[in-house]
Each structure stands twice: as C-alpha cells, then as structure tokens.
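The primary structure of each chain is shown beneath.
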Amino acid sequence: MKPHTPLLDLVTDLSVLRSLPEADLPQLAEELRAETIDAVSQTGGHLGAGLGVVELTVALHYVFSTPDDRLIWDVGHQCYPHKILTGRRDRIRTLRQPAGLSGFTKRSESEFDPFGAAHSSTSISAGLGMAVARDLDGRRNNVIAVIGDGAMSAGMAYEAMNNAGSMNSRLIVILNDNDMSIAPPVGAMSAYLAKLVSGPTYKSLRDAAKHIARALPRPLQEKAARAEEYARGFWTGGTLFEELGFYYVGPVDGHNLEHLLPVLKNVRDTHQGPVLIHVVTQKGKGYAPAEGAKDKYHGVAKFDVITGKQAKPKANAPSYTSVFAQTLIQEAERDEKIVAVTAAMPEGTGLDLMQQVLPARVFDVGIAEQHAVTFAAGLASEGYKPFCAIYSTFLQRGYDQVVHDVAIQGLPVRFPIDRAGLVGADGPTHAGSFDTAFLACLPGFVVMAAADEAELRHMVATAAAYDEGPISLRYPRGEGVGIELPERGQVLEIGRGVVRKEGTKIALLSFGTRLAECLKAADELEAAGLSTTVADARFAKPLDMDLIARLAREHEVLVMVEEGSIGGFGSHVLTALADTGALDRGLKVRCMRLPDRYQDQDRPEQMYKDAGLSVDGILKTVFEALGRDVSTIVRSA
Ligand SMILES: Cc1ncc(C[n+]2csc(CCOP(=O)(O)OP(=O)(O)O)c2C)c(N)n1
Ligand SMILES: CC(=O)[C@@H](O)[C@H](O)COP(=O)(O)O
Ligand SMILES: [Mg+2]
C-alpha cells in the first residue's frame, strides 16, 4: 500500500518546497522517507544510504537554489530521495529497471544531476571544477559536494581538498558521516571522525559565541569576538580539514532540521572559500529493519515493507564469489604466505568468509584501490602471495599501480576479478568490460577467465601456485552454471586451452562464461549440418598458439567469443593469426565482444542478448561468415 504523503504530494517542484514553512519540513522528510522505502521495496537497490540523507536532502534543496546551485552526490547511491524531490517521483519505481531511472546520479537524466557518479570519491574534484568554471564565468552560484565517510577514505578526495584549499575556491563540502561504508568503516580517518563527533556539539558552542558577540555593546564585542575565536579555535583547533585550507563546521546532527537549516543558510551566505560541514547521520535511519541490519540495508532485493524480509531468488548453484572465497581459504590453509586484500568490499568479494577463519591474513584497506594494488605489490616483494580482490570496474581506479608497481616489476600479485562482464542493475558505471583489454596488453601478465565455477576453482589453485609474475582471473557476478565442483582446484598448465567438443567446419573459441552459449550454439549448428568445434581458451595471455593454429588450419570459420570490450581476447587472437600468416589462407574469422557503447541497466542475460552474445547471436555470426541465410535456424533473425 502506497504511503500517505499529503505534503510530498504538494511538492510538485522545488518552488513549492521552498514556500513551505520550516516547521513543515520534518513532516515532509518523514513522507519522503516513507516514499523511498516503498519505492525500493518494489525495485530493490541501495536503501540504507538514502534513508540516512532524507533530512539533508530536504534541507539542501530548501536552502540552495538547485539546479543553479550545483549539488553533487558522491557515489550517488544515496540519491533516491533527491530524485523523488527533483521531478522524478513518477518514475522512481522504475529505478534500476530496464529503460528506467539509473540507480545513481546521471547527467542525461536530469538538470538536477550536474554530475554522474557511482564510483566513489569523485564529488569534490567535480565540484571544484564547477566552482572554478563558475568563477571564470563570473557567476555566483554555490557548489555543494556531499561525500560519505567511506568515500573520504579514498586518496582522490584528498587530492581535491588539497587543490581546493590552495585555490581558496568557494566550495561547500558536506561530509556525510554515518560511520559506515558498505561494511563498518576502516582506517585512521574513520577513527579521527569518531573523535570529532565524540566532543560536544560544535555548532551550539560556536553559535553561542557568535550570538554573544552580536548582542553586546561595541567595547565588549571585541571581547566576545575573541570568545568566538576561542570557540572556533577550541573546536576546530587544526582539524585535518582546516589544515587543508577548509573552514570546518560541525559536527552537526544530520537528522535535525533545526540544526541543519541555520548552518546551511549561514554557510551559504557567508562562505568565501572552501568550507567542510561535518554532518552526522545514521545509515538506514527511520526504517527498523535497515537500522537493525549489519549492513544497514546498503543494497537490498525487493522486500516486504512491513517485515523488511527480502525476496532473494533461490540460488540454483553457488555464486562465483563464494566458490572463489572457499577455494582461496582451501589454498590459504595450506600456504601461510597467501594473504588477501580488499578495498572496502569484504562481502562483495567474499573475503569476509576468509576474514572469519584467517583474520590476520585479510586486509581491508578502505575505498582505496590504488593503495590496495601497491600495498599488495609490497607484500609480494617480501615473498607473500597476495590475492588483491577488486571488482573489474573498481580495478580501473588502480590501473597505473597495476602497470607501474606490479607488472613492470614482475611482482607475483594475484588479481581475482569479480563482476567481470555485464553486471545488470548497476548499469554502465559498474560493467566489468575492460579488464581483459587493459591487462592482456601488459608484458608478463597472465590473464585467465573462468568458463564456470569448476574452472574458477582450478584458476584460484593455479594463481596460488603461480609465483613467476602477476596473474589475473576473471569471473562474473552471480551464480555458477551448476556444474559439479572438484574437491580441490587443479593447477592448470599456463597458456593451455582445452577443447570441449570436436568438429570439422566451424570453430568457436570462448574466453569466459560464454562457453555455455557456445556449446548450445554448436548443437544447433550440428543439427544444421555444420560440424562445430568448441574450445575454452582459458587464457588471453599467454595464448595457446598450438590450439589456435590448429583451429585456424582445420576449420573454415573461427569465431572468438568473450564478455569484454574490443581490445581483449579476440583482438589478441586476431593479431596472433595475422602475425603468423594464418589469415592468408582465407580463414573466415569473427570476434564477438561487447558493443562499442555503454549499455544501460537490464537483466544481464538481456544485456548479453542486446550485445549479440546470446546463442542466436553466435548462430547469426557463423551464418553471416558463411554467407548463408540464418533465418533457417534462428527465429528472431
Ligand atoms: C571506487 C569505488 N570503490 C568501491 C565502491 C563500492 N562502494 C559503493 S558505496 C561504498 C561505501 C561508501 O561509503 P560512504 O561514502 O560512507 O557512503 P554511505 O553508503 O555510508 O552513505 C562502496 C565501497 C565504489 N562505488 N567506488
Ligand atoms: C554502490 C556500489 O558501488 C556498490 O554497492 C555496488 O553496487 C555493489 O555491487 P554488487 O551488488 O555487485 O556487489
Ligand atoms: Mg558512510
């Protein structure tokens, strides 16, 4: 049943919001919270973060003249209340659905989204860019970046603050401190923020000093002004932010509009340079199942609003993540040199399972992928076997470290790459499209892709045993194909693929989990009289040149199939074929890969179909190469 939201119903645009008396805003916030809960109960998505910024969202849009004032949400997963208030309430129940609203802020979606997000810690940099552009244009609008305590653990945030502080740009940073990342936060910054928050409420002390100064006759004002300075000095006495050139205000109760509104107005009207407002909130605020959950309902499936019970689909097979984690534990229990590194994603990578049994050998470094990679390189340089587990999309953040600190030095860092390929509801910002392209081009790198969960177990064992240099293994989000799991992983021969089905005319060479589609396509091709070989390459580097040369020599058509962008596996095979002259004999070759565009969110299987990487897509590719009419066997041709 939809929530009763009489005030929210009135707020058809922000001019109505700003016409409300301040006394009505707490009620509006409650209605906005109820609407957010109801909407996400129907779509699933990121809930806890948004619930934590309901009051802040109302206050920001009330005090600032958005969209002229630029409001940037870091990560953007907390933006659902913002989207409801900024003209998208009618579509909020399409959130993360096919052709629906993005689950993050998105420029093309609304003028109220001045910057897209999803990867963390970009908001201050983007905000500073907007502030400098404003100053160059001679405009006077405000720029506000809202960044979480977790996102504040990433180096990029400090690069931006360092630059903003030195430029003394008029910029407002709101630190949304809910003492949570996805998991409980880690790092010295988290402890520092806790210390700042543990003192008395800064605002009341500072505010009192200011009011005193204004109320007294002039001779006493100087004295009282010194009191304010004292208050300021005492509470801000060199906070880290002030050392970086920011005026620090806080901590302020982020759920108390009576505190928030005067602080935001005061900063809006008086700030001349960079200001950081430290706002304290509660992730999952106002929804008991979220408040009581360990992860504060960071990311949820559809759920029952009354009970909070999530409707998680029954798994038919173990997830790739769990197979990775369980296999790594098996290997780590046999080899004390095996350690693991995560960048604030212990649950997502499965390393939380290893933390439970081998806590001293799992390191959560916070949202700090660049540091994670070089930290792992340091471990490897001392003889350890680090598994640096970072999602494909987030590994992009540490790429220079992969090249400069790992590859060039040939250090044996292992990269288990989860969420490889298309990920579904998180859309283009989280797609794991590029890791094969950006790793297989690196000299000395070994690059693997698991075709199924059994192969993944073998590849973890192979990575554990391989100490000659860097090695990566990629696998997709979600559950495996349901194949029987070997008790232990077998160490694979580096650079050796495997033929899964022998044929004579068509060869399908798969890299990753498209193998299942290749085998199904081969059955249909056989039925059409086209004898088909299917091989699992297993390695994009080093390539199995014996296998590739044989396939090229013995078949009329060779099709490579991968869940990655151009520049990946297929490109490497094509280059090898060209270099060895295999193309000179008229071989018909095709590279099937992700399209050269960003795909919006949908169910992964639909996204692969749209990418042409389904069974029908493989059949169409083969028939096109043969110059034959595929409609004879493909209905949707
Ligand atoms: C570069 C990068 N690494 C990892 C993630 C995954 N991630 C999404 S939200 C999040 C935690 C963010 O914590 P915080 O900034 O405190 O926001 P909160 O959820 O607490 O509101 C993480 C690690 C990401 N989005 N970007
Ligand atoms: C917002 C964010 O970046 C993470 O919460 C991400 O959405 C997690 O992805 P998975 O759900 O695939 O673990
Ligand atoms: Mg947080």
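Residues numbered from 1 in each chain as written. Chains lettered and ligands numbered in written order. Predicted model: local features only at pLDDT ≥ 70, side-chain atom pairs only at ≥ 80, totals over all residues. Heavy atoms only, no water.

In the annotation of an unreviewed UniProt entry, the protein is listed under the name 1-deoxy-D-xylulose-5-phosphate synthase and assigned to Pannonibacter tanglangensis. As its UniProt record puts it under Pathway (unreviewed entry), the protein is described as follows: "Metabolic intermediate biosynthesis; 1-deoxy-D-xylulose 5-phosphate biosynthesis; 1-deoxy-D-xylulose 5-phosphate from D-glyceraldehyde 3-phosphate and pyruvate: step 1/1." The record in UniProt for the protein states the following under Function (unreviewed entry): "Catalyzes the acyloin condensation reaction between C atoms 2 and 3 of pyruvate and glyceraldehyde 3-phosphate to yield 1-deoxy-D-xylulose-5-phosphate (DXP)." (UniProt positions renumbered as here; feature names shortened; annotations may be inferred.)

Visitor: Give me the site of ligand 2: which residues, what numbers.
Guide: Around ligand 2 lies a shell formed by His46, Phe104, Ala118, Ile182, His298, Tyr391, Phe394, Arg419, Asp426, His430 and Arg477. The contact in question runs from an oxygen atom of ligand 2 to an N or O atom on the side chain of histidine 298, over 2.8 Å. Arginine 477 has a polar side-chain atom sitting 2.7 Å from an oxygen atom of ligand 2. Coverage of ligand 2 by the protein amounts to 85% of the 360 Å² it exposes when considered alone. (Near = heavy atom within 4 Å. Polar contact = N/O pair within 3.5 Å; in protein donor to acceptor, adjacent residues only side chain to side chain. Areas by Shrake-Rupley, 256 points an atom, 1.4 Å probe, with all protein chains shown as cover.)

Visitor: Describe the pattern of salt bridges, and please don't skip the residues or the numbers.
Guide: For the structure on display, the rule yields 35 salt bridges. Among the ionic pairs, aspartate 546 bridges to arginine 496, the shortest N-O distance being 3.5 Å. Pair noted here: aspartate 546 is in helix α24 (residues 545–554) and arginine 496 is in the loop between β11 (471–474) and β12 (498–501), with a separation of 50 residues, a long-range link. Overall, the relative accessible area of 55% leaves aspartate 546 in the exposed class. (Salt bridge = Lys/Arg side-chain N within 4 Å of Asp/Glu carboxyl O. Helix = DSSP H or I, 4+ residues; strand = E, 2+ residues; numbered from the N terminus. Buried < 20%, exposed > 50% of the residue type's maximum accessible area, 1.4 Å probe, protein only.)

Visitor: A description of the nonpolar core should follow, citing residues and the corresponding values.
Guide: In this structure, Leu17, Leu25, Leu28, Leu60, Ile174 and Ile277 are the most contacted members of the largest nonpolar core, which totals 55 residues. With residues near it in sequence (within four places) discarded, isoleucine 174 still touches Leu56, Leu60, Ile144, Ala145, Val146, Ile147, Leu264, Ile277 and Val279. Ranked by size, the runner-up nonpolar core spans 51 residues in total, among them Leu395, Val402, Phe438 and Ala449. (Core = buried A, V, L, I, M, F, W, Y, C linked by side-chain atoms within 4.5 Å. Contact = heavy atoms within 4.5 Å.)

Visitor: Requested: an account of the environment of leucine 411, with residues and values cited.
Guide: Relative to the helices and strands, leucine 411 resides in the loop between α20 (399–407) and β9 (414–417). As for leucine 411 and glutamate 382, which are separated by 29 residues in sequence, their C-alpha atoms are 9.9 Å apart. Excluding anything up to four places from it in sequence, leucine 411 contacts Ala377, Ala380, Ser381, Asp405, Val406, Gly469 and Pro470.

Visitor: Any details on empty space enclosed by the protein? Residues and values, ideally.
Guide: The rolling of a water-molecule-sized probe over the atoms marks out the regions of remaining empty space. Considering all chains together, one arrives at three cavities of 30 Å³ or more under this definition. Taken as a whole, the largest cavity encloses approximately 100 Å³ of empty space. Residue lining of the largest cavity: 16 residues in total, with Gly150, Ser153, Ser181, Pro185 and Val186 positioned closest to the centre. Among the elements that make up the lining of the largest cavity, the one with the highest residue count is helix α9 (residues 188–198) (three residues). When grouped by side-chain class, the residues that make up the lining of the largest cavity number nine nonpolar, five polar and two charged. Lining the second largest cavity are Thr66, Pro67, Asp69, Arg70, Leu71, Glu111, Phe112 and Pro114. Of the residues assigned to the lining of the second largest cavity, the class counts are four nonpolar, one polar and three charged. (1 Å grid on protein atoms, 1.4 Å probe; cavity = no way out; pocket = protein on both sides within 12 Å on 5 of 7 lines; lining within 4 Å. Points joined across faces, edges and corners; volume = space filled by probe spheres on them. Nonpolar A, V, L, I, M, F, W, Y, C, P; charged D, E, K, R; others polar.)

Visitor: Residues and numbers for the packing of aromatic side chains, please.
Guide: Here the structure, examined in full by the defined rule, presents 11 aromatic pairs. With a centroid separation of 6.4 Å and an interplanar angle of 50°, the aromatic rings of tyrosine 192 and phenylalanine 241 are classed as tilted. In this pair, tyrosine 192 sits in helix α9 while phenylalanine 241 sits in helix α12 (residues 240–243), placing the two residues 49 residues apart along the sequence. Members of the aromatic cluster, connected to one another through ring pairs, are Tyr192, Phe241 and Tyr248. Directly above the aromatic system of tyrosine 384 lies the positively charged group of lysine 337, at a separation of 4.1 Å from the ring centroid. Over the face of the ring belonging to tyrosine 608 we find arginine 514, whose NZ or CZ atom lies 3.9 Å from the ring centre. (Phe/Tyr/Trp six-rings, centres within 6.5 Å; stacked < 30°, edge-to-face > 60°. Lys NZ or Arg CZ within 6 Å of the ring centre and 35° of its normal.)

Visitor: Go over the site of ligand 1 with me, naming the residues and quoting the values.
Guide: The environment of ligand 1 is formed by 22 residues, the closest being His77, Ala118, Gly150, Lys283 and Glu369. Within the side chain of histidine 77, one N or O atom sits 2.7 Å away from an oxygen atom of ligand 1. Interatomic distance of 2.7 Å between a side-chain N/O atom of glutamate 369 and a nitrogen atom of ligand 1. Protein chains shield 97% of the accessible area of ligand 1, which is 580 Å² for the free molecule. Taken together, the residues of the shell around ligand 1 sort by class into 10 nonpolar, eight polar and four charged.

Visitor: Please provide a residue-by-residue account of the coordination of the magnesium ion (ligand 3), values included.
Guide: The protein atoms donating to the magnesium ion (ligand 3) are Asp149 (OD), Asn178 (OD1) and Met180 (O), with metal-donor distances spanning 2.0 to 2.1 Å. For asparagine 178, a relative accessible area of 10% corresponds to the buried category. On the basis of relative accessibility, which here comes to 9%, the residue methionine 180 falls in the buried class. (Donors = N, O, S within 2.8 Å, 3.2 Å for Na, K, Ca; no water.)

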